Every structure is written in C-alpha cells, then in structure tokens.
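# A look at the structure
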Amino acid sequence: MPPTEEPEPSAADCGAPDPASPEAKSTLPESAAGRRVDRRGIAVGALLLAACAGLVVYGVLDTEEKSAAPKWPTASVTYEVTGEGTADLTYQARSESGTAVVVHRVPLPWKKTVRVPLGRPPIVTITLDAKGGQARCALAVRGRHVQTATAYGSYGRATCQGVLPAPENTSGAAAPAQGES
C-alpha cells in the first residue's frame, strides 16, 4: 500500500473558526479588525465639550447689568502743578478706599482732572528732587479755585487740599447732584 498523506489540520479541526469564513468575522474582537475604539479619548473629548458648553451657557445667562455709574457720588477735581523740571506727585483720584495715586519724575507743568468720591479730601502733594527749584500746585473743585501752595529748594514740599461734602445718602448710592456723576 502506498503511503497515505494525512491532510493538514485545518482551523476548523482545532475548534477555531476559519478566519476566511463569515462566522469568524463576527466572532473576532474589534481590535483584530483594526477598529478598536479608544474610550478614554471619547471620554476626555466629551468632558472638554461639556466644559466649553458650560462656559458658553454661563456667559449667556450672566446678564446682570454692570452699570457704568459709580457706586459712590463723585465731584470733578482739577489738579495743576506749574514749574520747571520734574517732581514726584501724589494725588487723590476715584478711589472709594482713599488710596492715593503716586507718580514719580513728572515733567512740569502738569495738569489732571479726576473724579473724587464725595467725603474724600481732594489733595495733591509736590515733592521736589535734590536739585530743588520751585513748583506751585493749584486745586480746583467743580471748576472753582480752592487752594494754591508753593514748594521751594532741595526736596521742597507743598500740599494743596480741599474739602468735598459727604454724600447725602450713605445707605446706598446717592443720586448724583445736577452736573455730577
């Protein structure tokens, strides 16, 4: 008898489906088909989309009117410093806390009109440098001259200060007087 050849075992003989058969395609994991879904990426993307949507909705819903009117009534104050050279200046401006604005080595002459809260004293202070010289400050409240002072010599100082009445209604923002805001 001639030797017989035994057929090679097929995938079906080993209990595994033949990869070419339609049944094998339905039972193979998605990664084998090259379509593995990265769920972490989808979760991160969804989280970012939700965060962006939340910010947009917050911006749309946050319709609280922000009024340009000051919380505290103010008066117009004009500070003017004349002289030559430079000086360090300190002045009161629109600050309900009462903090002053400080500017260094300001070229003279200098003039600035600001709003000062009622009840706060409008004030400008001049400080000359080591070279000295002469500088004069002037203060006007609501267009009316209030005070003038002069600084002389090395590190000379001068201060011009006025008085603003306290607001009439301290429980809330008082209605501004005519011509005031």
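The text that follows walks through the structure, step by step, so that each part is easy to find. (Residues numbered from 1 in each chain as written. Predicted model: local features only at pLDDT ≥ 70, side-chain atom pairs only at ≥ 80, totals over all residues. Heavy atoms only, no water.)

## Quick look at the pairing of strand β5 (residues 123-127)
Put simply, the rule is: Note on exposure labels: buried denotes an accessible area under 20% of the residue type's maximum, exposed denotes more than 50%, and partly exposed covers the range between, all computed with a 1.4 Å probe on protein chains only. A run of DSSP states H or I qualifies as a helix once it reaches four residues; a run of E qualifies as a strand once it reaches two. Both are numbered from the N-terminal end. Pairing between two strands requires that DSSP report at least two bridges joining them.
With four of its five residues buried, β5 lies for the most part within the structure. In the sheet, strand β2 (residues 86-92) pairs with β5 via four bridges, with the strands oriented antiparallel. Opposite Tyr 91, over in β5, you have Val 124 as the bridge partner. With five bridges connecting them, β5 and strand β8 (residues 157-161) associate as antiparallel partners. Opposite Thr 125, over in β8, you have Thr 159 as the bridge partner.

## Some words on the packing of aromatic side chains
Rules: Put simply, two rings from Phe, Tyr or Trp (the six-membered ring, in Trp's case) pair if the centres are within 6.5 Å, and we call them stacked under 30 degrees between planes, edge-to-face over 60, tilted for the rest.
Evaluation of the coordinates by the stated rule reveals two aromatic pairs. With a centroid separation of 5.6 Å and an interplanar angle of 50°, the aromatic rings of Tyr 79 and Tyr 91 are classed as tilted. One end of the pair, Tyr 79, is in strand β1 (residues 74-83); the other, Tyr 91, is in strand β2, with twelve residues separating them in the sequence. The same class applies to Tyr 79 as to Tyr 91, namely buried.

## Let's talk about the sheet that holds strand β7 (residues 144-152)
Where we set the bar: Here an angle of 0 to 180 degrees is reported between the N-to-C directions of two axes, which are lines fitted to C-alpha atoms, with helices fitted over the stretch in contact.
Taken in spatial order, the four strands line up as β4-β1-β6-β7 in an open sheet, and their pairing is antiparallel. Only two strands of the sheet have a single partner each, and these edge strands are β4 (110-117) and β7. In this sheet, neighbouring strand axes are inclined to one another by 20° on average, regardless of whether the strands run parallel or antiparallel. The pairing of strand β6 (residues 134-141) with β7 spans eight bridges and is classified as antiparallel. The residue bridging Leu 139 from the neighbouring strand is Gln 147, located in β7.

## Comments concerning the side chain of Thr 127
Test applied: Contacts are assigned to residue pairs that have any heavy atoms within 4.5 Å of one another.
For Thr 127, the position within the fold is in strand β5. Ignoring any residue separated from it by four or fewer positions in sequence, one finds Thr 127 in contact with Ala 87, Asp 88, Gly 156 and Arg 157.

## A few points about the state of the cysteines
Operational definition: By convention in this document, the label disulfide applies to cysteine sulfur atom pairs within 2.5 Å.
All chains considered together, the criterion is met by one disulfide. Linked covalently through their sulfurs, Cys 137 and Cys 160 form a disulfide whose S-S length is 2.1 Å. Judged by the torsion about the S-S bond (90°), the Cys 137/Cys 160 disulfide is right-handed. On the criterion of sequence distance, the pair formed by Cys 137 in strand β6 and Cys 160 in strand β8 is long-range, its members being 23 residues apart.

## Thoughts on the environment of Arg 94
Summarising the element assignment, Arg 94 is placed in the loop between β2 and β3 (100-107). Taking C-alpha positions, Arg 94 is 7.0 Å from Val 114, a pair spaced 20 residues apart along the chain.

## Let's talk about the nonpolar core
What counts here: Within this scheme, the nonpolar core is defined by two criteria: the residues are buried Ala, Val, Leu, Ile, Met, Phe, Trp, Tyr or Cys, and they are joined through side-chain atoms within 4.5 Å.
Within the largest apolar cluster, 26 residues are counted, with the highest numbers of intra-cluster contacts made by Val 77, Tyr 79, Val 81, Trp 110, Val 124 and Ile 126. Broken down by secondary-structure element, the contributors of at least two residues to this core are β1, β2, β4, β5, β6, β7 and β8. Beyond its immediate sequence surroundings of up to four residues, Tyr 79 is in contact with Tyr 91, Gln 92, Trp 110, Lys 111, Lys 112, Val 114, Val 116, Pro 122, Ile 123, Val 124, Ala 138 and Leu 139.

## A look at the sheet that holds β3
Spatial strand order, β3-β2-β5-β8: four strands in an open sheet with antiparallel pairing. In this open sheet, the two strands that pair with only one neighbour each are β3 and β8. Neighbour-to-neighbour, the strand axes of this sheet turn through a mean angle of 15°, independent of strand direction. Direction of pairing for β2 relative to β3: antiparallel, over a ladder of six bridges. What sits directly across from Thr 90, in β3, is Val 102.

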